[in-house]
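Listed below, chain by chain, are the residues.
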Amino acid sequence: MKYMMLVCTDTEPDQDPSAAPDIEQWVAERDANGQRVTGSRFAPPSAATTVRVRDGELLLTDGPFAETKEVIVGFDLLECADLDEAVEVARAHPMAYAGRIELRPLVD
């Protein structure tokens, strides 16, 4: 089953950043065992463009649609047997310590 793992910042990170695993090691291990299909970091929210169509008119807005302190900073597409496995993969990600991870199953 595929899961989109959204990697987000958090206003209340873990107080001990030294406990977080190394991101390069996390990526290498997940790539090697086939749990990570692909992933990337995002440009900052200031580089975002929000696209809407209202009454047939294209509306473009610079920046993200939502104004929040937390932002999505990257993603990983996971291939896992079930949610329990996806949670274990997310739990080992460094941003689970410094931010937050959102898992969403993909609908086939």
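The rules behind the values
Residues numbered from 1 in each chain as written. Predicted model: local features only at pLDDT ≥ 70, side-chain atom pairs only at ≥ 80, totals over all residues. Heavy atoms only, no water. Helix = DSSP H or I, 4+ residues; strand = E, 2+ residues; numbered from the N terminus. Buried < 20%, exposed > 50% of the residue type's maximum accessible area, 1.4 Å probe, protein only. Contact = heavy atoms within 4.5 Å. Areas by Shrake-Rupley, 256 points an atom, 1.4 Å probe, with all protein chains shown as cover. Lys, Arg positive; Asp, Glu negative; His and termini not counted. Charge placed at Lys NZ, Arg CZ, Asp CG, Glu CD. Disulfide = S-S within 2.5 Å. pLDDT = per-residue confidence, 0-100. Pairing = 2+ DSSP bridges. 1 Å grid on protein atoms, 1.4 Å probe; cavity = no way out; pocket = protein on both sides within 12 Å on 5 of 7 lines; lining within 4 Å. Points joined across faces, edges and corners; volume = space filled by probe spheres on them. Nonpolar A, V, L, I, M, F, W, Y, C, P; charged D, E, K, R; others polar.

Looking only at helices and strands, the protein chain has 3 helices and 6 strands in total. Referenced to the eigenvectors of the C-alpha coordinate spread, the extents of the protein chain come out at roughly 45 × 35 × 20 Å. Put simply, the protein chain has 108 residues, and 23% of those count as buried. Taking the contacts inside the protein chain whose residues are at least 6 apart along the sequence as the reference set, 75% of them involve residues at least 24 apart. Looking at the protein chain as shown, the accessible area adds up to about 7500 Å², and 53% of this sits on carbon and sulfur atoms. Computing the positive centroid from 10 side-chain charges and the negative centroid from 21, the protein chain places the two 4 Å apart.

Even without being a glycine, D55 presents a positive backbone phi close to 50°. Given a relative accessible area of 85%, D55 falls into the exposed group.

In this structure the tally under the stated criterion is 0 disulfides. With no disulfide of its own, C80 has C8 as its nearest cysteine by sulfur position, at a separation of 17 Å.

Take the confidence of the model for the protein chain next. Close inspection of predicted coordinates is inappropriate in any region flagged by low pLDDT. Across the protein chain, pLDDT averages 92, with 98% of residues at or above 70. No element of the protein chain has a lower mean pLDDT than strand 3 (residues 49–54), at 91, and none a higher one than helix 2 (residues 83–91), at 97.

Here strand 4 (residues 57–62) lies mainly on the outside; 0 of its 6 residues are buried. Both strand 3 and strand 4 contribute to a ladder of 6 bridges, which runs antiparallel. Counterpart to T50 in the pairing with strand 4 is T61.

What follows is about the side chain of R30. Relative to the assigned elements, R30 resides in helix 1 (residues 23–32). Among the residues examined, R30 registers a relative accessible area of 10% and is labelled buried. Ignoring sequence-local partners within four residues, the contact set of R30 consists of Q35, R36, V89 and A92.

To continue, consider the layout of surface pockets. If a probe the size of a water molecule is rolled over the atoms, the empty space left behind becomes visible. If you add up the space inside the largest pocket, you get close to 310 Å³. Among the secondary structure elements, those contributing two or more residues to the lining of the largest pocket are helix 1, strand 2 (36–41) and strand 5 (72–79). Partitioned by chemical class, the residues of the lining of the largest pocket number 7 nonpolar, 4 polar and 4 charged.

Moving on, we come to the side chain of H93. Tracing the chain through its elements places H93 in the loop between helix 2 and helix 3 (95–98). Assessed through its relative accessible area of 5%, H93 is described here as buried. With residues up to four places along the chain from it excluded, the contact list for H93 reads M5, V7, P21, I23, W26, D76 and I101.

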